[in-house]
Amino acid sequence: MNGNTFGKLFRVTTTGESYSGCFRKTPDIPKELYGGLITVVDGCPAGIKITAEDIQKELDKRKPGQSKLDSPRKEKDKVYVFSGVMENQLSTGAPIGILVPNNDIEDIHVGQYHDYATQARPGHAEYTFMKKYGQYADWVGAGRASGRETVGRVAGGAVAKAILDKYGIDVIAYTVESHGIKAKPIDYETAKANYRKNNINCPDLEAAKLMEEDILKVRETGETCGGVVELIVRGVPAGLGEPVFDKLEAVIAHGIMSIGAVKGVEFGAGFGVANMVGSECNDEMYWDKETGRVKFYSNNAGGFLGGISNGDEIRVRMAVKPTPTVDVVQRTIDVREGGKDVELAPITRRDASLLPRIYPVAEAMVRIAIVDAMMQFKGYRAMEDLDEIYDRM
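Attention here is on the structure that accompanies the text. (Residues numbered from 1 in each chain as written. Predicted model: local features only at pLDDT ≥ 70, side-chain atom pairs only at ≥ 80, totals over all residues. Heavy atoms only, no water.)

1. What to know about the environment of Arg148
So, step 1. Structurally, the position occupied by Arg148 is in the loop between helix 3 (126–133) and helix 4 (150–166).
So, step 2. For Arg148, a relative accessible area of 4% puts it in the buried group.
So, step 3. Spatially, the C-alpha atoms of Arg148 and Pro27 are 26 Å apart, while their sequence positions differ by 121 residues. (Helix = DSSP H or I, 4+ residues; strand = E, 2+ residues; numbered from the N terminus. Buried < 20%, exposed > 50% of the residue type's maximum accessible area, 1.4 Å probe, protein only.)

2. So, a nonpolar patch on the surface
So, step 1. There is a patch of nonpolar side chains on the surface, built from Ile38, Val40 and Phe82 and spanning about 240 Å² of accessible area.
So, step 2. With respect to the helices and strands, the residue Phe82 is situated in strand 4 (residues 80–83). (Patch = residues over 30% accessible without salt bridge, like charges linked within 9 Å, V, L, I, M, F, W, Y side chains within 5 Å. Areas by Shrake-Rupley, 256 points an atom, 1.4 Å probe, with all protein chains shown as cover. Salt bridge = Lys/Arg side-chain N within 4 Å of Asp/Glu carboxyl O.)

3. Section: the pattern of salt bridges
So, step 1. Following the criterion strictly, the structure yields 23 salt bridges and no others.
So, step 2. Lys61 serves as the salt-bridge partner of Glu363, at 3.5 Å between the closest nitrogen and oxygen. Placement of the pair is Glu363 in helix 9 (residues 355–381) and Lys61 in helix 1 (residues 52–62), with a sequence separation of 302 residues. By the burial criterion, Glu363 is buried, and Lys61 matches it.
So, step 3. For the salt bridge of Arg234 with Glu189, the shortest nitrogen-to-oxygen distance reads 3.4 Å. Remark: Glu189 occurs in helix 5 (residues 188–193) and Arg234 occurs in strand 8 (residues 227–234); sequence separation between them is 45 residues.
So, step 4. By relative accessible area, which is 32% here, Arg234 ends up partly exposed.

4. Brief notes about the side chain of Thr175
So, step 1. Take Thr175: it is sitting in strand 6 (residues 170–178).
So, step 2. Looking at Thr175, the relative accessible area reads 0%, which means it is buried.
So, step 3. Of the polar contacts made by the side chain of Thr175, one reaches the backbone oxygen of Ile200; its length is 2.8 Å. (Polar contact = N/O pair within 3.5 Å; in protein donor to acceptor, adjacent residues only side chain to side chain.)

5. Here we look at helix 4
So, step 1. With 17 residues, helix 4 should reach 24 Å at 1.5 Å per residue; the first-to-last C-alpha distance of 25 Å fits that figure.
So, step 2. Extensive coverage of helix 4 is indicated by the burial of 13 of its 17 residues.
So, step 3. One or two positions beyond helix 4, positive phi appears at Gly168, with a value near 70°. (Expected span 1.5 Å × (residues − 1).)

6. With respect to the sheet that holds strand 6
So, step 1. Spatial strand order, 7-6-8-14-9: 5 strands in an open sheet with antiparallel pairing. Edge positions in the sheet fall to strand 7 (181–182) and strand 9 (262–267), since each of these pairs with one other strand and no more.
So, step 2. Inspection of the sheet shows strand 9 paired to strand 14 (residues 314–320) by 5 bridges, in the antiparallel sense. Each bridged residue has a counterpart across the sheet, and for Val262 the counterpart in strand 14 is Val320.
So, step 3. Sitting on the sheet, helix 7 (residues 248–257) is in contact with strand 8, strand 9 and strand 14, with an inclination near 155° to strand 9.
So, step 4. Sheet strands in contact with helix 9 are strand 6, strand 8, strand 9 and strand 14, and its direction is about 145° off that of strand 6. (Pairing = 2+ DSSP bridges. Contact = heavy atoms within 4.5 Å. Axes fitted to C-alpha atoms, helices over the stretch in contact; angles between N-to-C directions.)

Here's what the structure looks like:
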């Protein structure tokens, strides 16, 4: 299995599965080492304070079982930093190793998956895993295709956050739509003021109540809901990203689209640009007298020009599909006996909506992408000799 590393200079590698360790329970192995998720962060500069407590704060945002909207799975998501830091919890420049054990991997839940291990759940990755890995595919809780895989991403993103904090760069994500219920337009100040004030993390507090009530009603039917998460990035300097294949927005889109439940991404005005004329879509510029720098009258581009950050606020939205695990009978196939059509109604734990727990994953992927782009930018600019006028713009 390839593709478990994201980034070029700041690289985050993850390993581990939803139920890793469920077959390794023996008296000779401590419970913490049955199995879990491991993250290796390569490229973290020396001298960055990396604490388990700070990483834990990020992981607690996506931990299951915190509300009726979440899966009832009871994972502690306890963080252990086991390499890459020394005195005063400062990074040494060596790879940072982070471990998060699985603890809620009881036999009863493994047994539920075993009962339909040869059947492909609609909306899940079983069919494609069967095609790619055959009889060796991980059938317990979707393996690497499970949402639990995102623990490693959030851990790596927490390290990226520690770096971005030094530069005053803030990444914040929140829900703006759930099952057709939309929040009013959200600005950065409102997003910060109302961050995590409700279970669905919607800064529009009135809309949040409607969203949560709706999700609970849908849950009673055995169904699940999708929605839209928006991100704002404040403080990114102009000049990050490359103009062709490695556009910063392309790299960010790669990171966001690599999250299993995400089916669409847009920047700035997004698909709305299709209904604009050119002069309306273009973001006109002016000299800001207070800072002496270039500013924009609008932000239809979402913070980019030519794939390079323009210094404006980065705006991203991502479409999140309904949780594919539903309590509704659905048609599928069984690979046993040469293949046959069957009906499937799995009884497993599920999130009524992924919105309450997916936003920290999005924050993590964007942070990793930005730190990586900053390292490339700073290295490149160190080799250039530009006129000072361009630095002052």
